[in-house]
Amino acid sequence: MQRALPQLITFISPSQSAFIQDRSTADILWTLRWAKAVADKRGHPIYVYEMDIAKAFDSVDRHRLLGILWDYQLVDLSTFSIIRYLLTHTCLYTKVNGEISEDTFTTMSGIPQGDALSPVLFDVYLEAAARYAKAIPQSIFNMSFGIDMVMDTEYADDFDIIAFTRQSAELAKKQAESAFLANGLHINEEKSRMYALGRTLGNYRTAMDHKKIKKLGSMVDSVEDYELRITKAKRAFGVYSKLFYNKFEIENIQCLCQTIPIV
């Protein structure tokens, strides 16, 4: 872990905020709030397309992952050999009607769960897929012109596209989805969505816009986020108070019962 991590992090884009020291959900939230501030200043909404990768960790092609480590020379030979050993000769059991089968079968798909290095290896795999999307001819991720610009942020298996126009966001989604599919990653359309940030013609938008958008446990709108946290804190304090006073009353009743003689 300590040998491989410094080399792998150099490959991972700063837009990935998961499983890396000194990066967190706050990076994603700050980016969205920055986009909202820019949209407010421009008087034109900025569009965000959230893409959720279905069964992301189980969809990783180990042969392709090892190829990425080798082609980009992300680790030295000895570290590569160790990672290859960890990813090969993996056997799985099947469970049918609550019963585990006695026979096993080998698999070369997915990253072993519970290993400290596995999340970072997934970051590397997703980064290679994102680079593939940006390397295709006429990739919109590489185009920044006039009032249009496209960028991306990632947190584990969540890939978000931020664009100044709806058309750019939809085109970037198609290009990213094609690149992910080429790497064995499928998009979960039910958990994917598009929304707008910022005000339009001087009026704040409502419904599925920034006022009600929740990302990684926090509201994108700062005021909404503060109010939500205060509400949750008051609710938690109220529950704690009830537990405290109920316990105090129970203890008093028990003491009273002990002092009253039974006739």
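Residues numbered from 1 in each chain as written. Predicted model: local features only at pLDDT ≥ 70, side-chain atom pairs only at ≥ 80, totals over all residues. Heavy atoms only, no water.

Colleague: Summarise the pairing of strand E3 (residues 99–107); cite the residues concerned and give the values.
Modeller: One face of the sheet, then the other: side chains in a regular strand alternate in exactly this way. Examined bridge by bridge, strand E2 (residues 90–96) and E3 share six bridges and lie antiparallel to one another. Residue Val96 lies in a different strand from E3, and its bridge partner there is Glu99. (Pairing = 2+ DSSP bridges. Helix = DSSP H or I, 4+ residues; strand = E, 2+ residues; numbered from the N terminus.)

Colleague: Could you give an account of helix H2 (residues 25–42), with specific residues and numbers?
Modeller: Count 3.6 residues to each turn of an α-helix, and residues three or four apart come out pointing the same way. The end-to-end C-alpha distance of H2, which contains 18 residues, comes to 26 Å, matching closely the 26 Å that a straight helix rising 1.5 Å per residue would cover. Within H2, burial applies to Ile28, Leu29, Thr31, Leu32, Ala35, Lys36, Ala39 and Asp40. Of the residues one or two after H2, Gly43 is the one with positive phi, at around 75 degrees. (Expected span 1.5 Å × (residues − 1). Buried < 20%, exposed > 50% of the residue type's maximum accessible area, 1.4 Å probe, protein only.)

Colleague: Got a sec to walk through the packing of helix H5 (residues 118–135) against helix H6 (residues 166–182)? Specific residues and values, please.
Modeller: Look at H5 against H6: their axes get within 8 Å of each other, and the N-to-C directions meet at 130 degrees. Taken together, H5 and H6 sit at an angle that is classed as oblique. H5 and H6 meet at a crossing whose hand is right-handed. Contact with H5, carried on its side by Leu126, Ala129, Ala130, Tyr132 and Ala133, involves Gln175, Ala176, Ala179, Phe180 and Ala182 of H6 and no other residues of that element. Here the contact of H5 with H6 is built from residues that sort into nine nonpolar, one polar and no charged. (Axes fitted to C-alpha atoms, helices over the stretch in contact; angles between N-to-C directions. Parallel < 35°, antiparallel > 145°, perpendicular 65-115°, else oblique. Left-handed = near helix turned anticlockwise from the far one by under 90°. Contact = heavy atoms within 4.5 Å. Nonpolar A, V, L, I, M, F, W, Y, C, P; charged D, E, K, R; others polar.)

Colleague: Explain unusual backbone geometry to me, using residue names and the numbers behind them.
Modeller: Peptide bonds are mostly trans, and most non-glycine residues show a negative phi. A positive phi angle, near 65 degrees, is found at Phe19, a position not held by glycine. Mapped onto the elements of the fold, Phe19 is located in the loop between helix H1 (5–9) and H2.

Colleague: Got a sec to walk through H5? Specific residues and values, please.
Modeller: The first and last C-alpha atoms of H5 sit 26 Å apart over 18 residues, in line with the 26 Å expected at 1.5 Å per residue. Among the 18 residues of H5, 14 are classified as buried, and the element is accordingly described as predominantly covered.

Colleague: Which residues make up the pattern of salt bridges, and what values do they have?
Modeller: Applying the stated criterion to the full structure yields eleven salt bridges. The partner of Asp160 in a salt bridge is Lys215, and the shortest N-O contact between them spans 2.7 Å. Linking Asp160 in strand E6 (residues 158–163) with Lys215 in strand E11 (residues 214–215), this pair joins segments that are 55 residues apart in sequence. For the pair formed by Asp160 and Lys215, the shared burial category is buried. In this structure, Lys173 engages Glu177 in a salt bridge whose closest nitrogen and oxygen atoms are separated by 3.0 Å. One end of the pair, Lys173, and the other, Glu177, are both in helix H6, four residues apart, so they sit about a helical turn from each other. Classification of Lys173 by relative accessible area gives buried; the value is 11%. The exposure class of Glu177 is partly exposed, given its relative accessible area of 26%. Where salt bridges share partners, they join Glu50, Asp160, Arg193 and Lys215 into one cluster. (Salt bridge = Lys/Arg side-chain N within 4 Å of Asp/Glu carboxyl O.)

Colleague: Break down the side chain of Asp52 for me, citing the residues and quoting the values.
Modeller: You can see Asp52 is positioned in strand E1 (residues 46–54). Lys191 provides the closest opposite charge to the buried, salt-bridge-free Asp52, at an N-O distance of 4.9 Å. (Lys, Arg positive; Asp, Glu negative; His and termini not counted.)

Colleague: Provide a residue-level description of the packing of helix H3 (residues 62–71) against H5, including the pertinent values.
Modeller: Packing of H3 against H5 leaves a shortest axis separation of 10 Å and a crossing angle of 80 degrees. Comparing the axis directions of H3 and H5 gives the class roughly perpendicular. For the pair H3 and H5, the contacting residues are Arg64, Leu65, Ile68 and Leu69 in the first and Leu121, Val124, Tyr125 and Ala128 in the second. Residue classes in the contact of H3 with H5 are distributed as seven nonpolar, no polar and one charged.

Colleague: For the environment of Arg33, give the residues involved together with the corresponding values.
Modeller: By the element assignment, Arg33 lies in helix H2. With a relative accessible area of 22%, Arg33 lands in the partly exposed category. Measuring from C-alpha to C-alpha, the distance between Arg33 and Asp221 comes to 7.1 Å, with 188 residues separating the pair along the chain. Excluding its chain neighbours within four sequence positions, the residues that come into contact with Arg33 are Met219, Val220, Asp221, Ser222 and Asp225. Within polar-contact distance, the side chain of Arg33 engages the backbone oxygen of Met219 at 3.0 Å. For Arg33, the side chain forms a polar contact with the main-chain oxygen of Val220, separated by 2.9 Å. (Polar contact = N/O pair within 3.5 Å; in protein donor to acceptor, adjacent residues only side chain to side chain.)

Colleague: Give me the lowdown on the nonpolar core, citing residues and values where you can.
Modeller: Leu8, Leu69, Phe141, Ile161 and Phe180 are the most contacted members of the largest nonpolar core, which totals 48 residues. For this core, the secondary-structure elements that each account for two or more residues are H1, E1, H3, helix H4 (77–87), H5, E6 and H6. Counting eleven residues, the second largest nonpolar core, distinct from the first, contains Ala39, Ile46, Val48 and Phe164. (Core = buried A, V, L, I, M, F, W, Y, C linked by side-chain atoms within 4.5 Å.)

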